[in-house]
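Residues per chain are reported as follows:
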Amino acid sequence: MTQSQAGQLPRFPFETEAALEPPAEWARYQAECPVARVRLASGDEATLLTRYDDVKGLLADPRFTRPTSADNAARVADTESGGLFNSEMSNVLPQHGEGHLRWRRMIGKWFTARRMNALRPAIEAMAEQLVDDLVAKGGPADLKAALGFPLPVWVICDLLGVPDADRDRFAHWSDTLLSMTRYTQAEMDLAQLEFARYMAGHIAAKRADPGEDLLSALIGEIGPDGEPMSDPALIATGMGLLIAGHETTANMISKMVAMLLADRRRWEQLLADPALVRTAVEEALRLDANAGFGMARYLTEGLEIAGTTLPGGTTAVCSMAAANRDEHVFTGAAEMDLTRSPNPHLAFGAGAHACLGQPLARTELQVVLEVLLRRLPTLELAVPVAELRKVEGLAVGGLRELPVRWRS
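S.K.: Hey, could you run me through unusual backbone geometry in this one?
M.R.: A negative phi holds for most residues other than glycine; trans holds for most peptide bonds. Residues F12 and P13 are joined by a peptide bond in cis, for which omega reads 0°. By the element assignment, P13 lies in the segment before α1 (24-32). Look at the link from S341 to P342: it is a cis peptide, with omega at 0°. Among the structural elements, P342 can be located in the loop between α14 (320-323) and α15 (358-375). A positive phi angle, close to 50°, is found at A306, a residue other than glycine. Taking relative accessible area as the criterion, A306 reaches 42% and is therefore assigned partly exposed.

S.K.: Sorry if this is basic, but what is going on with the pairing of strand β4 (residues 295-298) here?
M.R.: For a regular strand, side-chain orientation follows a simple rule: the groups alternate between the two sheet faces. Side-chain alternation along β4 places M295 and R297 on one buried face and A296 and Y298 on a second face that is also buried. In the sheet, β4 pairs with strand β7 (residues 315-318) via four bridges, with the strands oriented antiparallel. Bridge pairing links M295 to C318 in β7.

S.K.: In this structure, what is going on with the nonpolar core? I would like to understand it.
M.R.: Note on soluble globular proteins: their nonpolar side chains tend to be buried together. Among the nonpolar cores identified, the biggest contains 86 residues, and F170, L369 and L372 are the most heavily contacted of them. It is helix α11 (residues 231-262) that contributes the most residues to this core, 15 residues altogether. Those residues in contact with L369, other than ones at most four positions away along the chain, are M256, L260, W267, L270, V277, A280 and V281. If you look at the next biggest cluster of nonpolar residues, it comprises 20 residues, including Y52, V55, L303 and L346.

S.K.: Help me understand the sheet that holds strand β8 (residues 380-381) in this model?
M.R.: Strands in a sheet are paired, the pairing made by backbone hydrogen bonds, and the direction either parallel or antiparallel. Read across the sheet, three strands follow the order β3-β9-β8 without closing on themselves; strand pairing throughout is antiparallel. Where the open sheet ends on each side, the last strands, each with one partner, are β3 (141-142) and β8.

S.K.: Whenever I open this one, the side chain of E128 confuses me. Can you help?
M.R.: As for its position among the elements, E128 is in helix α5 (residues 113-137). Within polar-contact distance, the side chain of E128 engages the side chain of R375 at 2.5 Å. Those residues in contact with E128 that lie beyond four places of it in its chain are V371, R374 and R375.

S.K.: Any chance you could explain the pattern of salt bridges here in plain terms?
M.R.: Opposite charge on two side chains makes pairing possible when the charged atoms of those side chains draw close. What the rule picks out here adds up to 22 salt bridges. Measuring nitrogen to oxygen at the nearest pair gives 2.9 Å for the salt bridge that ties R286 to E283. With R286 and E283 both in helix α13 (residues 277-287), this residue pair falls three residues apart, about one helical turn. R286 sits in the buried class, given a relative accessible area of 0%. Linked through salt bridges whose partners overlap, the residues forming this network are E124, E128, D132, R374 and R375.

S.K.: What exactly am I supposed to notice about the packing of aromatic side chains here?
M.R.: To describe a pair of aromatic rings, you give the distance between the ring centres and the angle between the ring planes. The full count for this structure, using the stated rule, is six aromatic pairs. Plain terms: the ring middles of Y52 and F330 are 5.7 Å apart, the flat faces sit at 80° to each other, and that makes the pair edge-to-face. Placement of Y52 in helix α2 (residues 52-60) and of F330 in the loop between α14 and α15 is noted, with a sequence separation of 278 residues between them. Pair check on accessibility: Y52 and F330 agree, each one buried. By the ring-pair criterion, three or more aromatic residues cluster together here, those being F12, F14, Y29 and F293. It is R115 that lies over the ring of W110; its NZ or CZ is 4.3 Å from the centre. The lysine or arginine in question, R167, covers the ring of W154, its NZ or CZ lying 3.9 Å from the ring centre.

S.K.: Explain the environment of T248 to me, please; I cannot follow it from the model alone.
M.R.: Along the chain, T248 turns up in helix α11. Linking T248 and G397, residues 149 residues apart in sequence, is a C-alpha distance of 7.9 Å. Other than its neighbours up to four places away in sequence, T248 contacts I243 and V396.

S.K.: For this particular structure, what's the right way to read the sheet that holds β4?
M.R.: Spatial strand order, β1-β2-β7-β4: four strands in an open sheet with mixed pairing. Each of the sheet's edge strands pairs with one partner strand only, and the pair in question is β1 (35-39) and β4. Averaged over all neighbouring strand pairs, the angle between strand axes comes to 35°, with direction disregarded. Sitting on the sheet, α2 is in contact with β2 (45-49), β4 and β7, with an inclination near 120° to β7.

S.K.: Can you help me understand the packing of α11 against α15 in this one?
M.R.: Working note: a packed helix pair is described by the angle between its axes plus the distance between those axes. In contact at an axis separation of 10 Å, α11 and α15 are set at 40° when each is read in the N-to-C sense. Here α11 is positioned oblique relative to α15, judged by the angle of their axes. Crossing of α11 over α15 shows right-handed handedness. Here T249, M252, I253, M256, V257 and L260 of α11 lie close against α15, whose contacting residues are A361, E364, L365, V368, L369 and L372.

S.K.: For this particular structure, what's the right way to read the side chain of E283?
M.R.: Taking the relative accessible area as the measure of exposure, E283 reaches 0% and is therefore buried. Reaching out from E283, the side chain makes a polar contact with the side chain of R286 at a distance of 2.9 Å. In this view, E283 contacts E335, M336, D337, R340 and N343; residues no more than four positions away in its chain are not counted.

What counts and how
- Residues numbered from 1 in each chain as written.
- Predicted model: local features only at pLDDT ≥ 70, side-chain atom pairs only at ≥ 80, totals over all residues.
- Heavy atoms only, no water.
- Helix = DSSP H or I, 4+ residues; strand = E, 2+ residues; numbered from the N terminus.
- Buried < 20%, exposed > 50% of the residue type's maximum accessible area, 1.4 Å probe, protein only.
- Pairing = 2+ DSSP bridges.
- Core = buried A, V, L, I, M, F, W, Y, C linked by side-chain atoms within 4.5 Å.
- Contact = heavy atoms within 4.5 Å.
- Polar contact = N/O pair within 3.5 Å; in protein donor to acceptor, adjacent residues only side chain to side chain.
- Salt bridge = Lys/Arg side-chain N within 4 Å of Asp/Glu carboxyl O.
- Phe/Tyr/Trp six-rings, centres within 6.5 Å; stacked < 30°, edge-to-face > 60°.
- Lys NZ or Arg CZ within 6 Å of the ring centre and 35° of its normal.
- Axes fitted to C-alpha atoms, helices over the stretch in contact; angles between N-to-C directions.
- Parallel < 35°, antiparallel > 145°, perpendicular 65-115°, else oblique.
- Left-handed = near helix turned anticlockwise from the far one by under 90°.

What follows is the structure, encoded as structure tokens:
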């Protein structure tokens, strides 16, 4: 495959007709052009990686990190700032080195397997409550609106000690801050300002009256340097947890259920053997064809990838979703195998910047699936798979809605 002239570079993310099917470019680029020049929504040029080894290798390379506004990196969004990845949040929180490791250690203590096991009953209770409301209203219903969207924001708000009454505001801020083409610069700026003001007041309240939440713990914790975390860092941490923990998981819940119901033999397999829930969740994460943008890395020095030398100053986009379908790593990569194990997918990234909240996301996905299998065993899609509609214009892929029905 030869690349187009500079003014005619392919637009990334690629367009697809079907919400649950991958763009044809993934397999084609893996086979013929694993290091490809593409144009982002901003109009800026970047380099796209689609092979598993290349994506994992770059994500795990400690020399390179997420672009910050201080870098002359390609902008993701079509707004002046270039979107979330070029926001002030990326400047406040250390992106690499000892500062980054220290921040991860402070936050990571809240996402251990032990804490997730302790949190699991509360997540299950939230899911049960939402399914109760769903059943009470009757079908057909939009499972994303009824369960997929509210559950993760409830969990994040609970984690941050945010009152239940403010959940809807958090959901709106999350949606806006992840825009690539959906919201204007003014709307994104306003969302960031509103969130920062809210969190500043919330932090002050927690400092005066601490609770059992993560934010209260961070406020009271002294770092290795003898200093507490600053208010700007606390605000940026709250924003990062909201964005990473809400929109991605909310969309993944809907996509996971849609994948399992698209061929209802998969649902029946889980009903027959609920012990497969854990491997089914991992396979849904791997097979996600509508994952969104991926992860960007700014190359501060030259690097050779797959025989191509990329100069310093290159913005490389790692498509984990494409890499997760690499036939050199996953046998029958295009097929959904609910028993697949091991499953070394890259849905949560790799290396020092791998998703901190992945234990929480896995717990939420497992709980949702367990509750739905138990409460709604007759669940099925209420529309043909071909009629499922994708979310457009956000850095995270998803379904606009997930119409379902069930027999009482």
